[in-house]
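# Descriptive analysis of the structure
Read off the chains here:
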Amino acid sequence: MTHVAMRSDMRPFSDVRVRQAIALAIDRKGLIDSVLEGEGALNGPLRAFLRDWALPIDKLGEGAKYYQHNPAEARRLLAAAGYANGFPTSVCFTTYGSTLLIDTMQLVLKQLKDVGIDAKLDQKEYGAYVATCVIGKFDAMLLGPYTTFLEPHSELYAKYHPDQPKNQGHINDPVVNDLMHRQARTFDLAKRRELIHDIQRHLAKQQYYVELPSDRTIGVWDGVLKNYAPNYGNDYGGRLQVAWLER
């Protein structure tokens, strides 16, 4: 999942209306159609492939509207926040060697400009990017992929806990902190899931990160390969250890 991170501890991004305006400026469906050739998934505060935990966009309550493309409402929110003429900013970025990411970046910058946000690219070499922007050392905004997690606590804790280096937005939200700690101590699965749903509904309104669509990977393998499936994590060898060829 790629997202736009903002320094929520600094103006103008400390104003929730600015973050909401940025969310409304992004045409997520357009990104799927133009960059991902129609094969993508919309992400809420939790990435969509965590199906047992992630709420669909239309179940996010009041915050669901910020996942729509609405440039007029974005401009209205910016004006209400005191930025009727928009504002200049910078976006930390590295290509990761991905043409998809480059195309996404170009469209996002255009869509921000369409609502008055003049975002200039601050492109870095990969090593410099990891040493600075990945751990929240940037001036304003960041656009880039975020680590794949297979369990919701890992993602929520890394992105939102104030003590974590990958809390790129420098977020310290008492509501999120409380819910995050409560779900981590809840053994009842249904109750824990509801707490994580509450976190997502709150985050959808706050828009600390603007989550962009994920590409959908299509895996194809020969029928003689048994006990194999695509791997969603970073362990490329584990699945092959238990697979075999039936000839």
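Let us look at the structure shown here. (Residues numbered from 1 in each chain as written. Predicted model: local features only at pLDDT ≥ 70, side-chain atom pairs only at ≥ 80, totals over all residues. Heavy atoms only, no water.)

## Some details on the overall build of the protein chain
- Scanning the protein chain for helices and strands turns up 9 helices and 9 strands.
- Against the compact-globule benchmark of 18 Å for 247 residues, the protein chain has a radius of gyration of 19 Å, which places it among compact chains.
- Here the protein chain, with 247 residues, has 46% of them falling under the buried criterion.
- As displayed, the protein chain has an accessible area near 12500 Å², and 51% of this comes from carbon and sulfur atoms. (Helix = DSSP H or I, 4+ residues; strand = E, 2+ residues; numbered from the N terminus. Rg over C-alpha atoms; globule rule 2.2 N^0.38 Å. Buried < 20%, exposed > 50% of the residue type's maximum accessible area, 1.4 Å probe, protein only. Areas by Shrake-Rupley, 256 points an atom, 1.4 Å probe, with all protein chains shown as cover.)

## Quick word on the packing of helix α7 (residues 174-184) against helix α8 (residues 189-206)
- The contact between α7 and α8 brings their axes to 9 Å, and the two run at 160°. Taken together, the axes of α7 and α8 lie roughly antiparallel to each other. Relative to α8, α7 is oriented so that their crossing is left-handed. Between α7 and α8, the residues in contact are Val 175, Val 176, Leu 179, Met 180, Arg 182 and Gln 183 and Arg 192, Leu 195, Ile 196, Asp 198, Ile 199, His 202 and Leu 203, respectively. (Axes fitted to C-alpha atoms, helices over the stretch in contact; angles between N-to-C directions. Parallel < 35°, antiparallel > 145°, perpendicular 65-115°, else oblique. Left-handed = near helix turned anticlockwise from the far one by under 90°. Contact = heavy atoms within 4.5 Å.)

## Observations regarding helix α3 (residues 71-80)
- Those residues of α3 not exposed but buried are Ala 74, Leu 77 and Leu 78. Each buried residue of α3 lies within a common arc of 100° when the element is viewed along its axis, so the set occupies one face. (Arc of directions from axis to C-beta.)

## Concerning the sheet that holds strand β5 (residues 141-145)
- Read across the sheet, 5 strands follow the order β4-β3-β5-β1-β6 without closing on themselves; strand pairing throughout is mixed. Edge strands, defined here as strands with exactly one partner in the open sheet, are β4 (117-123) and β6 (209-211). Adjacent strand axes in the sheet meet at a mean angle of 25° when their direction is disregarded.
- Pairing of strand β3 (residues 87-93) with β4, which is carried by 7 bridges, proceeds in the parallel orientation. Along β4, the bridge assignment pairs Val 91 with Leu 121.
- Packing of helix α1 (residues 16-25) onto the sheet brings it into contact with β1 (2-6), β3, β4, β5 and β6, and relative to β6 it is tilted by some 15°. (Pairing = 2+ DSSP bridges.)

## Considering the environment of Gly 40
- The topology assignment puts Gly 40 in strand β2 (residues 40-41).
- Sequence spacing of Gly 40 and Ile 57 is 17 residues, and the spatial spacing of their C-alpha atoms is 14 Å.
- With sequence-adjacent residues up to four places away left out, Gly 40 is seen in contact with Ile 32, Ser 214, Asp 215 and Arg 216.

## Some remarks on the environment of Leu 150
- Tracing the sequence through the fold places Leu 150 in the loop between β5 and α6 (152-160).
- Distance in space between the C-alpha atoms of Leu 150 and Leu 55 is 16 Å, their sequence separation being 95 residues.

## Looking at α8
- Over its 18 residues, α8 runs 26 Å from end to end, which matches the ideal 26 Å to within 8%, given 1.5 Å per residue.
- Where the residues of α8 are buried, they touch α1, α6 and α7.
- The N-cap residue of α8 is Asp 188: its side-chain oxygen and the backbone nitrogen of Ala 190 are 3.1 Å apart.
- Of the residues trailing α8, Gln 207 is marked for its positive phi of about 50°. (Expected span 1.5 Å × (residues − 1). Polar contact = N/O pair within 3.5 Å; in protein donor to acceptor, adjacent residues only side chain to side chain.)

## Concerning the pairing of β1
- The element β1 is extensively covered by neighbouring structure, given that 5 of its 5 residues are classed as buried.
- Residues of β1 alternate between two faces, with Thr 2, Val 4 and Met 6 on one and His 3 and Ala 5 on the opposite face, all of them buried.
- The pairing of β1 with β5 spans 5 bridges and is classified as antiparallel. Bridge pairing in β5 places Ala 5 opposite Leu 142.

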